[in-house]
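Given next are the chains, with one letter for each unit.
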Amino acid sequence: MSTSIAIIGAGIAGLSCASALSAAGHHVVVFDKARGPGGRLCTCRGDDWQADHGAQYFTARHALFQREVARWVESGVVAPWQLTPAVLGSERNPLPEAPVRYVGVPGMSALGKALASGLDVRTGYTIQQPVRQADGWRLSSAEHGALDAVYNQIVVAVPAPQAAALLAQAAPALSTMAAAQNMEPCWTVIAQLAEPAQFGFDAAFVNGGPLRWIARNNSKPGRSGQECWVLQASEQWSAQHIEHDAADVTEALFTAFRQLGGPTAVAVRTHRWRYANCVADQIGSVWDASLGMGLCGDWLQGGRVEGAWLSGRHLAHQMLERRLA
Ligand code: FAD
């Protein structure tokens, strides 16, 4: 029998769960508060420039995810990023291990768009605390008020602190579990440079100072436009400066980039991620059949893009009572 399922969050976890449930014949609607799908897999654009300001790349270690990534590569929505990496500021200067690093093409956001196509994904819906009534789950959104449909089951596929807030009334035990998960922030600067940087590498892990990662966005496949670098602050620095003014943060991070030898910028944009990455459990997902509620996301399966996708698949299989294989 077809079940009506609402998924809150159109990041990789929510979309992975949605596609498996939809393929099994269920009626699935995915809601997201953002303007487009993909969540932290995102790309910002302007006149003659673009840059991935969330996830920089992803790797594939689990066989199930490797098979899925191979399909994405085959369809052209993802490609390996053949970069020259470096490690800066370390005394031993170890080169990072070199797994294949994949990126969305022509931007990271392309993957979310591709996964959403063919699904009923409604963007611009900030879902508020769900309410369970005798006939099922009822939702409301900040933009549209109470929604008409009633859902047999709901899936919450948002970062742990946001899940904790959403579930405070409807599922206090799950809310407490989500609240216990720590997620790390990340201040990010996108810099359009006046001239190409002459570093001799495309991306570097930085040890010491406010920066943790710098990358030449144009070195990724399918990118065009002006030379753009993504500068990410370390988790510790981001946490210490999380409430600081964006202008001060931009100044500190760009000064550190200049001290590494980077050229001047013609324009910069700064983004504060309150919930960027996590040191996550390997639970997979949570399914409470008595409530008709599931949780998935990177924070339940080791973090990162791969973990998010696997978590969404894991939850769908729990709901369908199938083994993940
Ligand atoms: P999300 O992508 O966060 O999706 C959750 C969705 O829920 C969002 O679209 C959000 O808008 C929506 N939402 C939240 N609340 C509501 C609500 N109330 N109503 C409706 N919608 C809601 N991973 C890697 O593998 N490699 C990397 O190099 C890497 N670098 C990163 C760098 C940065 C700066 C950041 C931010 C992340 C990085 N990550 C990286 C992590 C990776 O992006 C995430 O692990 C993964 O994208 C998480 O997917 P998700 O579906 O679990 O969550």
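Quick caveat: nothing in here was measured; it's all calculated off a predicted structure.

Turning to the overall build of the protein chain, a few remarks are in order. Helix and strand content of the protein chain: eight helices and 19 strands. Its C-alpha atoms give the protein chain a radius of gyration of 20 Å, near enough to 20 Å, the size a compact globule of 325 residues would have. The principal-axis extent of the C-alpha atoms belonging to the protein chain is close to 65 × 40 × 40 Å. For the protein chain, with 325 residues in total, the buried portion stands at 55%. The long-range fraction of contacts in the protein chain, counting pairs at least 24 apart against all pairs at least 6 apart in sequence, stands at 67%. When the accessible surface of the protein chain is totalled, it reaches about 14500 Å², and 48% of it is carbon and sulfur. Taken together, the 25 basic and 26 acidic charged side chains of the protein chain have centroids lying 4 Å from each other.

On to the site of the ligand. Near the ligand you find 34 residues, and of these Ala13, Asp32, Arg40, Tyr57 and Asp298 are the closest. In this structure, Ile12 approaches the ligand through a main-chain N or O atom, which is 3.1 Å from an oxygen atom. Here an oxygen atom of the ligand and a backbone polar atom of Arg304 are 3.2 Å apart. Alone, the ligand offers 1000 Å² of accessible surface; in the complex the protein occludes 95% of this. For the shell around the ligand, the elements supplying multiple residues, two or more each, are helix H1 (12-23), strand E2 (27-32), strand E17 (265-278) and helix H8 (304-319).

Sequence positions flagged by UniProt for "domain: Amine oxidase" (unreviewed entry) are, in local numbering, residues 105-320. Here residues 105-320 is 27% helix and 33% strand, with 32 Å between the C-alpha atoms at its ends.

Counted by the stated rule, this structure contains 17 aromatic pairs. Ring centres of Phe254 and Phe257 lie 5.5 Å apart, and the angle between their planes is 40 degrees; on these two criteria the pair is classed as tilted. With Phe254 and Phe257 both in helix H7 (residues 246-259), this residue pair falls three residues apart, about one helical turn. The class for Phe254 is buried, based on a relative accessible area of 14%. Ring pairing ties together the aromatic residues Phe58, Phe65, Trp72, Tyr102 and Trp309, which thus form one cluster. Above the face of the Tyr57 ring, Arg101 is positioned so that its terminal group lies 5.3 Å from the ring centre.

Conventions and cut-offs
Residues numbered from 1 in each chain as written. Predicted model: local features only at pLDDT ≥ 70, side-chain atom pairs only at ≥ 80, totals over all residues. Heavy atoms only, no water. Helix = DSSP H or I, 4+ residues; strand = E, 2+ residues; numbered from the N terminus. Rg over C-alpha atoms; globule rule 2.2 N^0.38 Å. Buried < 20%, exposed > 50% of the residue type's maximum accessible area, 1.4 Å probe, protein only. Contact = heavy atoms within 4.5 Å. Areas by Shrake-Rupley, 256 points an atom, 1.4 Å probe, with all protein chains shown as cover. Lys, Arg positive; Asp, Glu negative; His and termini not counted. Charge placed at Lys NZ, Arg CZ, Asp CG, Glu CD. Near = heavy atom within 4 Å. Polar contact = N/O pair within 3.5 Å; in protein donor to acceptor, adjacent residues only side chain to side chain. UniProt positions renumbered as here; feature names shortened; annotations may be inferred. Phe/Tyr/Trp six-rings, centres within 6.5 Å; stacked < 30°, edge-to-face > 60°. Lys NZ or Arg CZ within 6 Å of the ring centre and 35° of its normal.

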